[in-house]
Structures are given as structure tokens and as C-alpha cells.
Amino acid sequence: MSVVAIAPRRWKKPPLIKRAWLRWMIGLGAAVYLTLALGTTEVNWARVWEGLPRGARFFAAFFPPDFASRWSEIAEGILESLWMTVVSTVIGIAISIPVGIGAAKNIAPTPVYYFCRGILAVSRSFQEIILAIFFVKLFGFGPFAGLVTLSFATIGFYGKLLAEDIEDMDPSQAEAVRATGAGWLQWLNYGVQPQVMPRMIGLGLYRFDINFRESAVVGIVGGGGIGATLNTAFDRYEFDSAAAILMVIIGIVMLAEYSSSYLRRWVQ
Amino acid sequence: MMAIELRHGMKVWHRRERSAQFATWAAWLVGAAIFIYCWELISDKTIWAFVADAPAQAADLAVRMVPPDWGFIHALWRPMWNTINIATLGTAMGTILAVPVAYCAARNTTPSVAFIRPAALFIIVSSRSINSLIWALMLVTITGPGVFAGILAIGLRSIGFCAKLLYEAIEEIDESQVEAVRATGASGAQVTAYGIAPQVLPAFAGISVFRWDINIRESTVLGLVGAGGIGLPLNAAITMLAWTQVSLILLIIIATVVVSEWVSAKMRHSII
């Protein structure tokens, strides 16, 4: 204990980043970046100002939204989105099961492992919208392009999680099934599948959720579904119909979220 | 619980009881019927001649896309910089706005469980269920096309995600620390600053970095609806059928995404 310690000390909050120089560097870097970024971002304030009444009109359109005048288009778009979601989730999961099994390091031979991991990496590295643009070019406008996009995106998501889940499984259970003389498929069915099933059902429901949300977006580039209806509504400045569509999307997403959490609890 | 049946005096093991087996089959049947019905409806709206032609089209497109037009890269630095700005400034806006929302949504800090908490949860759900591209679509009609609409879109979209993760972190804090700070006679604001904030700060930093990574991905396509960034030249190149430029832009997007993923993984690793 030195004599200096006798002087009254003030307690200071411990900082989040312990090294002082790093803290200063990050602060300085952030300041420099912010000035550069804000300096080069052109904002046309006159145009923003002009748009404000339009924005006010848009928010006013939510009270109440106009479900009636475009109802047939809205219903058709929503139903198409739902069909797309169902089919793409089923197809995507069906394809991702063999891919996911192949991408699990503990049960797949090495060449198969790398091949399947490659498929997953390709599927995950592209944004849904970019995929949708290309699939619309290839398959023409309409829900089929959206369906292929969503299935493709589902493979990367679901296959990766399935592979990770299989890698984390309890090997002794699988070993026990194998010890009874089960064939490979029987081993998969009775030794591996029951271990990963509860979590995978939950993730399937979660992916259903995501696919519905994304199906609202692929329509903007021509992939069918509610997105196309929404895009048209905005292009025509029909804000009250757009508000109605957004309310329906939010409602369905909320419904899917609640029912999926309920279903997940019921499954487990 | 074993489903064992006696057949010819032999015990036969089944995976499920008979009723459970029937229920499983019924569920599969209903599921398959729904799937086939939906497939039928989509199939009716599809022009199968186009689909049959797709492999040839894909091959044609692939041939036209190589080699990428490297000379075009000089026109892309500025849009790329804008994309990064949209993602970063949008993330900053989203995370800052997410803090009060999360504070109001967490059960243990909300001022009122009956009124303010549902409102905060509604903000979170609506922000999360509307994709950033749809936010951008809306904002472009309001503020006009440009980077500003993109920043707002990313910001509004990030609120829900960050606030949800943050309020879950707040609900999981150790109450005894808060209690200890309160016992010193600290005011409400001081309790928040010294009892709650230090516990959720690492989570908050992690969430921000994670969202920034997602936002980089999302901001690459905002230009398709006019909200600035690399999506603008992408859209222009696709419209002009300049496929060599398209392939270059796609390569740059992938490179950016890979780099941002690496940066965010590094940063999260150093935080946790």
C-alpha cells in the first residue's frame, strides 16, 4: 500500500473495452467514419420535405385501412403467397434432408461431406431477391419462380441446421441401434431420427414463418404472391390498400409465430 | 411406454400404440393432401413451356455472364461505399431506437405492463414482419429515391430484431445486482445505468454487430426499388441485359458479404 492511496479515490465504472488504446482507436475510427459517411451521403431535403405530406397521408391510411376496394386482389395475392409458402417449405425440407445428412461429419464419408457442404454454402450465400430475379428470368413471371427461390433458400437454412443437429447427437443411442443388427436405413430411422426430430419440427415451423415473410418480397421482382399486389398498390399511390395489405401480412406473421410456438411446445 | 402386441403368442414390438399410429398416418394424409392441392394451384398459374426451356436459358445466361466486365469496376466504388453506409448508419439508427423500445418491452423494466408493454411488442412485431425491401418501397414513395430512404428502411427494420433480442437479454439479468444498486439509494435512472446497463451491454454490442452483418446483405438489394447502393447498378445492368456487368456486381456482393461475415465473427468473438 502506498501513501498515495490515502487520498480519497473515486470509483469509476469499468469500461466495456478494457484496453485504453483500443477504446480510443475505435472511438476515433467511428468519428472519422461518421464524418466521411455523413459527408458523402446526399440527401435531397427538398424532396424529403415534399414527401412528408405524402408520408402523413400514408400513415393516415392505416386509420382505417381500406380492405374493401381491392379485396379480391389482396385475397388472391395472400392465398398465392400461402400456397407458395406451403409447397416451398415442403420441397425445400424434403431436399434438405438428404443434403443435411450428407453434410453431417459424423455419419457421411468425406467426399459426400464436402459435396453437401458445398451445396449448403452456395444456397446460403445468395440473397433471396437476387435468386428470385434470376429464377424469374429462367421460369417466367409467376409463383413458380418464387417457389423455386424459396425452396432453394430453405435448403441452405434447414440443411445446415439439420447437419449441425446430427453432429451434436448422442452417439451411444445410435450405437445401441446398430448393435441390434439394424441396416443403414433402419439405423437412420430408429437411431438418428428420433434424436433430431423434435428440434427439426420446430425449425420447420420457423422456416415456414420465414418463407411466408420472404414470399411477400419475391413478388416485388415478379415472383408471384402478395408482393406483386403490394408493389402495384405503392406504384399507384393507393396507400389505403397498401396499408390493408401490410396489416394482413403482419396479422398472418403474428398468427404463424404464435401458433408455431404453441405447436412446438406441443411437439416437445 | 412400449407398444407391444401379442401375435401368435409372440411379442411384437411396435414404435407406437395403434391409435397413435393411426393419428400419425392421418396427419401425413392431411399434410400430403394440402401439399398436392397447393401444388395444383401453383401449377395452374405456371407456363410449363417456359419451365421446360429453363435449362437452355440458364446455360445461355451462364455463357453471357463470363468473363465479368472488370473495366466496369470503377463505376462501382461509389455505390459500394453507399451500400456500406446504408448498412452502418441504418444499424446505428436501429440499435439506438431499439433501446427505449426494449426497455419498455422487458417485463422487469417496463413502466406499465398493461399499456406500454403491448405497444412496444407491437412495434417489434410490425418492424420484424415487414422486410426491409418493403420498408424501402414505402420510404421511396415518401422521401424519394436515394440513400436516405435506404438508411431509414434498414433502421426501421432493425428496430424489431434488436429490440426483441435486447429485451430478452434484459429479462434474463441477475436481479440481485439491481437490488444491490437500489439498496444504496440510487434513483431509477441510476439503477438503470449501474444495475442493468452493465449486464446487457455485451449482449447489446453482440446484437448490433450481428445485425450489421445481416444489414450489409440486405442493403445490397435495396437499390432494386430505388433506395440507393449497389442494387441500383445491378438493376440497371439487368435491365440493359449487360450480363458481364451483372456477374461482376454479383462477385463484388459476394465478396462484401464474406468480408462482413468475417469481420462480424471476429468482433463477436472478441466481445464474448
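Note: the structure precedes this text.
Residues numbered from 1 in each chain as written. Chains lettered and ligands numbered in written order. Predicted model: local features only at pLDDT ≥ 70, side-chain atom pairs only at ≥ 80, totals over all residues. Heavy atoms only, no water.

Caption draft 1: Highlighting the packing of aromatic side chains. Inspection of the entire model under this criterion finds 13 aromatic pairs over all chains. A ring pair is formed by F144 of chain A and W39 of chain B, whose centres lie 6.4 Å apart and whose planes are at 65°; its orientation type is edge-to-face. You can see F144 of chain A sitting in helix 6 (residues 143-167) and its partner W39 of chain B sitting in helix 1 (residues 18-44), one on each of two chains. A relative accessible area of 11% means that F144 of chain A is categorised as buried. Ring geometry for F161 of chain B versus F210 of chain B: centroids 5.7 Å apart, planes at 55°, classification tilted. (Phe/Tyr/Trp six-rings, centres within 6.5 Å; stacked < 30°, edge-to-face > 60°. Helix = DSSP H or I, 4+ residues; strand = E, 2+ residues; numbered from the N terminus. Buried < 20%, exposed > 50% of the residue type's maximum accessible area, 1.4 Å probe, protein only.)

Caption draft 2: Just the nonpolar core, in detail. Within the largest apolar cluster, 91 residues are counted, with the highest numbers of intra-cluster contacts made by F58 of chain A together with I134 and V246 of chain B. Ignoring sequence-local partners within four residues, the contact set of F58 of chain A consists of F234, F239, A242 and L246 of chain A together with M138 and I142 of chain B. Counting 23 residues, the second-largest nonpolar core is a separate cluster that includes A102, V191, V200 and I207 of chain B. (Core = buried A, V, L, I, M, F, W, Y, C linked by side-chain atoms within 4.5 Å. Contact = heavy atoms within 4.5 Å.)

Caption draft 3: Just the interface of chain B and chain A, in detail. The partner chain A presents 62 residues to the 60 residues of chain B that form the contact. With both chains or domains summed, chain B and chain A bury close to 5,400 Å², and 76% of this area falls on carbon and sulfur atoms. The largest contributions to the chain B side of the interface with chain A come from I42, K45 and I142 of chain B, which together make up 12% of the buried area. The interface formed by chain B and chain A includes two salt bridges. Linking K45 of chain B and E80 of chain A is a salt bridge whose minimum nitrogen-to-oxygen distance equals 2.5 Å. In this assembly, chain B and chain A are joined by 11 residue pairs in polar contact (both at pLDDT 80 or more). (Buried area = accessible area lost by both parts, 1.4 Å probe. Salt bridge = Lys/Arg side-chain N within 4 Å of Asp/Glu carboxyl O. Polar contact = N/O pair within 3.5 Å; in protein donor to acceptor, adjacent residues only side chain to side chain.)

Caption draft 4: Structural view of unusual backbone geometry. Residues and elements named next belong to chain B. Residue P67 is bonded to the preceding V66 through a cis peptide linkage, with omega at -10°. Positioned with a positive phi, L241 is a non-glycine residue whose angle comes to about 60°. Mapped onto the fold, L241 is located in the loop between helix 9 (231-239) and helix 10 (243-271). When its relative accessible area of 51% is taken as the criterion, L241 is described as exposed.

Caption draft 5: Spotlight on the packing of helix 3 (residues 77-105) of chain B against helix 8 (residues 188-219) of chain B. Residues and elements named next belong to chain B. As a packed pair, helix 3 and helix 8 sit with axes 9 Å apart at the nearest point and diverge in direction by 145°. The two elements helix 3 and helix 8 meet at a crossing, and its hand is right-handed. Residue-level contacts link T83, I84, I86, A87, T88, T91, T95, V99 and Y103 of helix 3 to T192, F204, S208, R211, W212, N215, I216 and S219 of helix 8. Looking at side-chain class alone, the contact of helix 3 with helix 8 contains eight nonpolar, eight polar and one charged residues. (Axes fitted to C-alpha atoms, helices over the stretch in contact; angles between N-to-C directions. Left-handed = near helix turned anticlockwise from the far one by under 90°. Nonpolar A, V, L, I, M, F, W, Y, C, P; charged D, E, K, R; others polar.)

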